[in-house]
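# Structural characterization, general
Each chain, letter by letter, is given below.
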Amino acid sequence: MSLQNLNWKSDKKLLGEMTSCHIAEEPIKKVAIFGGTHGNELTGVFLVKHWLKNGVEIQRTGLEVKPFITNPRAVKKCTRYIDCDLNRIFDLENLGKKMSEDLPYEVRRAQEINHLFGPKNSEDSYDIIFDLHNTTSNMGCTLVLEDSRNNFLIQMFHYIKTSLAPLPCYVYLIEHPSLKYATTRSIAKYPVGIEVGPQPQGVLRADILDQMRKMIKHALDFIHHFNEGKEFPSCAIEVYKIMEKVDYPRNENGEIAAIIHPNLQDQDWKPLHPGDPVFLTLDGKTIPLGGDCTVHPVFVNEAAYYEKKEAFAKTTKLTLHADSIRCSLH
Amino acid sequence: MCSLPVPREPLRRVAVAGGKHGNEMSGVYLVRHWLLAPAELQRPSFSAVPVLANPAATTACRRYVDRDLNRTFTSTFLNSRPTPDDPYEVTRARELNQLLGPKASGQAFDFVLDLHTSTANMGTCFIAESSHDVFALHLCRHLQLQYPELSCQVFLYQRSGEESYSLDSVAKNGLALELGPQPQGVLRADIFSRMRALVATVLDFIDLFNQGTAFPTFEMEAYRPVGIMDFPRTEAGNLAGTVHPQLQDQDFQPLQPGDPIFQMFSGEDLLYEGESTVYPLFINEAAYYEKGVAFVQTEKLTFSVPAMPALTPAPSPAS
């Protein structure tokens, strides 16, 4: 590599550090696709199992794409988790605990996964991890973003959304000082959550399978085009940023005293205004949205979130911009 | 096969059971509500008792702890000697048999209504034992007439030669409500309201009967099982495909030979190879994957239900 190239690279890197934006230059080499992080979210389980037997669909020249079942014991029992939620424990404290049989199954598993695909925050970690999920909520095709300043992923998501159109594809931004959680995919440099619903736990629907399959196809096509040197001009995407989680109204015993109102049920992403019905009590009373701003609810009536005390999450709609990106090989 | 005689006395001992499967939330929450506010279950001629059928499974939000409670009400389980190693649901089935039965005895409850939801697109479905279940069928007819907008279907679950295995077979008469689609672990307001309204109408019917109403003969259309179809599987027994998009959600719609039923992960369609039209139910029910059932094949039948005469009032005591 000539001195001139080196200076360009180091200037770019310096510029990137100064402006805190990632302008990906290196080609993407190692990609993983995780299924079964929650053992009863079947689309990812069966796509990964299928690709482990026949991986033609996910191959791209020059790219290593590894399908992987993250929580095999939960998959075998068709349950979300055995001891604790695998998708909440990839923080450095859990990853650093001394390995022992007394640790919850998922913590031991997280350390194994970190060893295979990480370590988290190191140069050796996988470039991209796609983590496949389903939801009982009517969220359609959803991409989950953890960092609002990640040019590369904003570009990827823009490409996926454009390719899927007219099928809607939403972007959920979970960047938040206290609400962001330590996901399985967060050990990669570029973590991508893929969430498709509505699908009941323990059920595999052909239409949902087809949608998730298409999302992965477009994502891998994007990476391939990027690696081949294609320039992606600057772009903008609409995203929904998490603001706050709302629990069900409960009685003194902690039991649910009201349920998602029929007007809100299945209305993920649609604007919800102050005064609009949100809950219906078991006695038939309507509880409206308080506050003074319009929000966009997501994860409305997700089965797995009853125990996490989340009836839905409020998001705010905003636009994220990405600089143009181009792989430096060309 | 049990031939259930039409009741000759008013029905006084009535139970409404929810949470037979602990993750079918509508029944769970209705029963919890009624345990605190029982007035809703009272009628002039009787009061219904709410029962949480499987408390441990309900607490864990699972279908069952050890085995499916709704398959445990057979005499084999109910009459065998208790041991400390008995599965939770076997012990519980015996308790419920004591409470609501004993099955096939004179002391059994007059009527049990069993509340269920399904991940399949079952709409509003009433499940009775057989075409001989005259009281239950008149009840279904009454519900259909009260809710014409709901397109209520009747499923007769008993296969000839088989003993009834579900809770409502413990009482002298019974019926199950099966509403869907609703995911396990989710409580939808629309399904909840519909179930609540249907329960109220069931109790109204029993009260009407108790008060001496006669119900005329009628023609009933119902569905009866003729077989089941499992998912396509690999040699290892894992899924090799899933319900075809054209069959998904088409419960109660006719399935003709040659129609697609499964879509393989590798892309091909599998077609229905039966010889005649069937009506599939419980299409893609989550709880049936482990039972090897992708859908239940049924035949549609039409038959006459004899009139149910009014109860003759009991002779007044001598003055």
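The structure presented is a predicted model; accordingly, all values stated were derived computationally and were not measured. (Residues numbered from 1 in each chain as written. Chains lettered and ligands numbered in written order. Predicted model: local features only at pLDDT ≥ 70, side-chain atom pairs only at ≥ 80, totals over all residues. Heavy atoms only, no water.)

## Thoughts on the pairing of strand S10 (residues 260-264) of chain B
All names here are of chain B.
- The buried fraction of S10 is high, at four of five residues.
- Note that strand S9 (residues 241-243) and S10 share three bridges and pair antiparallel. When the sheet's bridge partners are listed, Val243 is paired in S10 with Phe262.
- Where S10 and strand S11 (residues 269-271) come together, three bridges link them in antiparallel fashion. Considered in S11, the bridge of Phe262 is made with Leu270. (Buried < 20%, exposed > 50% of the residue type's maximum accessible area, 1.4 Å probe, protein only. Helix = DSSP H or I, 4+ residues; strand = E, 2+ residues; numbered from the N terminus. Pairing = 2+ DSSP bridges.)

## Things to note about the UniProt feature "domain: AstE/AspA barrel-sandwich hybrid" (unreviewed entry) in chain B
- UniProt feature "domain: AstE/AspA barrel-sandwich hybrid" (unreviewed entry): in the numbering of this structure it lies at residues 219-300 of chain B.
- The distance separating the terminal C-alpha atoms of residues 219-300 of chain B is 13 Å; by composition the span is 0% helix and 38% strand. (UniProt positions renumbered as here; feature names shortened; annotations may be inferred.)

## Looking at the UniProt feature "binding site: substrate" (unreviewed entry) in chain A
All names here are of chain A.
- The UniProt record marks Asn87, Arg88, Tyr181, Ala182, Thr183, Thr184 and Arg185 with the feature "binding site: substrate" (unreviewed entry), using the residue numbering of this structure. A maximum C-alpha distance of 10.8 Å among these annotated residues, which run over 99 residues, shows that they cluster at one spot.
- Counting through the fold element by element, Tyr181 comes out in the loop between strand S5 (169-173) and strand S6 (190-197).
- Setting aside anything within four residues of it in sequence, one finds Tyr181 in contact with Asn87, Arg88 and Ile174. (Contact = heavy atoms within 4.5 Å.)

## Looking at the UniProt feature "active site" (unreviewed entry) in chain B
- Within this structure's numbering, the places UniProt gives as "active site" (unreviewed entry) are Glu178(B).
- Setting aside chain neighbours within four positions, we find Glu178(B) in contact with His116(B), Thr117(B), Ser118(B), Met122(B), Gly123(B), Thr124(B), Cys125(B), Ile127(B) and Phe282(B).

## Some details on the environment of Lys120(A)
Residues and elements named next belong to chain A.
- On the secondary structure map, Lys120 appears in the loop between helix H5 (105-117) and strand S3 (128-134).
- Sequence separation between Lys120 and Phe90 is 30 residues, and the spatial gap between their C-alpha atoms is 8.6 Å.
- For Lys120, the contacting residues outside a window of four places in its chain are Phe90, Asp91, Leu92, Leu95, Asn114, Ser186 and Ile187.
- At 2.7 Å, the side chain of Lys120 forms a polar contact with the backbone oxygen of Phe90.
- In terms of polar contacts, Lys120 uses its side chain to reach the side chain of Ser186, at 3.0 Å. (Polar contact = N/O pair within 3.5 Å; in protein donor to acceptor, adjacent residues only side chain to side chain.)

## Looking at the interface of chain A and chain B
- Listed as interface residues are 28 residues of chain A and, on the opposing side, 28 residues of chain B.
- At the boundary of chain A with chain B, total buried surface from both sides reaches about 2400 Å², with 60% on carbon and sulfur atoms.
- Our enumeration of links across chain A and chain B arrives at two salt bridges.
- Notably, a salt bridge pairs Asp249(B) with Arg205(A), separated by 2.9 Å at the nearest N-O pair.
- Counting across the chain A and chain B interface gives nine residue pairs in polar contact (both at pLDDT 80 or more).
- Of all the secondary-structure elements, those providing two or more residues to the side of chain A that touches chain B are helix H2 (42-53), helix H7 (206-227) and strand S8 (258-260) of chain A.
- Ranked by the residues each element gives to the side of chain A that touches chain B, the list is headed by H2(A), at four residues.
- Tallied by class, residues from the side of chain A that touches chain B come to 15 nonpolar, seven polar and six charged. (Buried area = accessible area lost by both parts, 1.4 Å probe. Salt bridge = Lys/Arg side-chain N within 4 Å of Asp/Glu carboxyl O. Nonpolar A, V, L, I, M, F, W, Y, C, P; charged D, E, K, R; others polar.)

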